[in-house]
Amino acid sequence: MDNTNEIQAKRKRVLSLIQPTSVPTLGNYLGAMRNWASLSAEYDCVYGVANLHALTVRRPATDLRKQTQELFAILLALDLNQGNNVVFVQSHVPSHCQLSWILSCYTQFGEMSRMTQFKEKAAQHSDNVNVGLFTYPTLMAADILIYQADLVPVGDDQKQHLEICRDIATRFNGVYPNTFTVPEPYIGKLGGRIMSLQDPTRKMSKSDPNPKGAISMLDDENTILKKCRGAVTDSETVVRYGEGKEGINNLMTIYACCTGESFEQIETAFAGQGYGAFKTAVAEVVIAALRPFREKYKAYMADPAGLQSIAAEGARAAARIADRTTEKAMKRVGLWRI
Ligand code: TRP
């Protein structure tokens, strides 16, 4: 046996899928996504577009297809397709659905019924409480376990889903030992926590009811300028970080994340200037921060054939890992393989 393999620690695998329901925001970018490319120095990363999960909420087919392609191009424009990384679209790897079915037979109705996100979404979309919405966490568990992922970066809303994924994996391994890696949550470097421009007590969210509250990663320069200029502030008109100044605190956080400057440096630089000048300056640094990303994004979108072939390559690379795990699980549960 080659003992360099023994000496070298195995690189861990980080996995994350994103639903193509709407374009990620500046908050997603500054808080997490812009750091993802550098993770590949330490980890093998798998990034996917969860278009099957998006089917749980009804939308026009042409929108879903377009949003899937756009999100795929966003992941590429973030330079995630490098080294050992895999970037792919979930529906291009059919074994996710096969494994999801097997896992659903190792998931209890009772534990699934406790998922708080299902209860919320069922209330939100009371006209379409489909079974997919209910079993969604088993598909998510399949997404994770099929790549034997070690680490999954999750926001608060997905913690319970990762927990049930771990429970399913542990239970399955209890019957069929060493089938799946039991994943851990990945706690990344804390990026800035960016709040809504219209209600700075709430996180900037792509589902903000007020579209002026969130800057999308694909907003054009003029829209970014307008949204920054329209940001809610206070009546003090002094650019300083402080209590009761949530709007200004948020704009200062955005400015600091985009430029690397400290709050003190920002306070000094904008001393004696009104909020108008500061808001314009915030827009300018946001535009500059997003510019390289946007240029790459546009180049990917301008070449649909190229995008398609990168997606096909990604699907092949993903399937090489996913099909192996699925084959293993199928054999273990006693499905006749021919
Ligand atoms: N459910 C996740 C969300 O809505 C998306 C998702 C699907 C996911 N499969 C995953 C996240 C696997 C992490 C790992 O945000």
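Here's what I pulled together on the structure shown here. (Residues numbered from 1 in each chain as written. Predicted model: local features only at pLDDT ≥ 70, side-chain atom pairs only at ≥ 80, totals over all residues. Heavy atoms only, no water.)

## What about the pattern of salt bridges?
Proximity of charged atoms lets side chains of opposite charge pair with each other.
1) Next: If you walk through the whole model with that rule in mind, you get 14 salt bridges.
2) Next: For the salt bridge of K66 with E70, the shortest nitrogen-to-oxygen distance reads 3.3 Å. With K66 and E70 both in helix α4 (residues 61-77), this residue pair falls 4 residues apart, about one helical turn.
3) Next: Notably, a salt bridge pairs K296 with D79, separated by 2.8 Å at the nearest N-O pair. (Salt bridge = Lys/Arg side-chain N within 4 Å of Asp/Glu carboxyl O. Helix = DSSP H or I, 4+ residues; strand = E, 2+ residues; numbered from the N terminus.)

## What about helix α5 (residues 95-104)?
1) Next: The set of residues buried in α5 consists of S95, H96, L99, S100, I102 and L103. Axial view of α5: buried residues confined to an arc of 165°, hence all on one face.
2) Next: Those residues of α5 that are buried are in contact with β3 (86-89), α8 (131-145), α9 (159-175) and α14 (304-333). (Buried < 20%, exposed > 50% of the residue type's maximum accessible area, 1.4 Å probe, protein only. Arc of directions from axis to C-beta. Contact = heavy atoms within 4.5 Å.)

## A closer look at the site of the ligand
1) Next: Around the ligand lies a shell formed by L15, L17, Q19, A50, H53, Y136, M140, D143, I144, V152 and Q158.
2) Next: Here Y136 contributes a side-chain N or O atom positioned 2.7 Å from a nitrogen atom of the ligand.
3) Next: Between a nitrogen atom of the ligand and a side-chain N or O atom of Q158, the distance comes to 3.2 Å.
4) Next: Summarising the interface, the protein chains cover 89% of the accessible area of the ligand, which totals 360 Å² for the free molecule.
5) Next: When contributions to the shell around the ligand are tallied by element, the ones reaching two or more residues are β1 (13-18) and α8.
6) Next: With 4 residues, α8 is the largest single contributor of residues to the shell around the ligand.
7) Next: A class-by-class count of the residues in the shell around the ligand yields 7 nonpolar, 3 polar and 1 charged. (Near = heavy atom within 4 Å. Polar contact = N/O pair within 3.5 Å; in protein donor to acceptor, adjacent residues only side chain to side chain. Areas by Shrake-Rupley, 256 points an atom, 1.4 Å probe, with all protein chains shown as cover. Nonpolar A, V, L, I, M, F, W, Y, C, P; charged D, E, K, R; others polar.)

Don't take any of this as a statement about function, it's just geometry.
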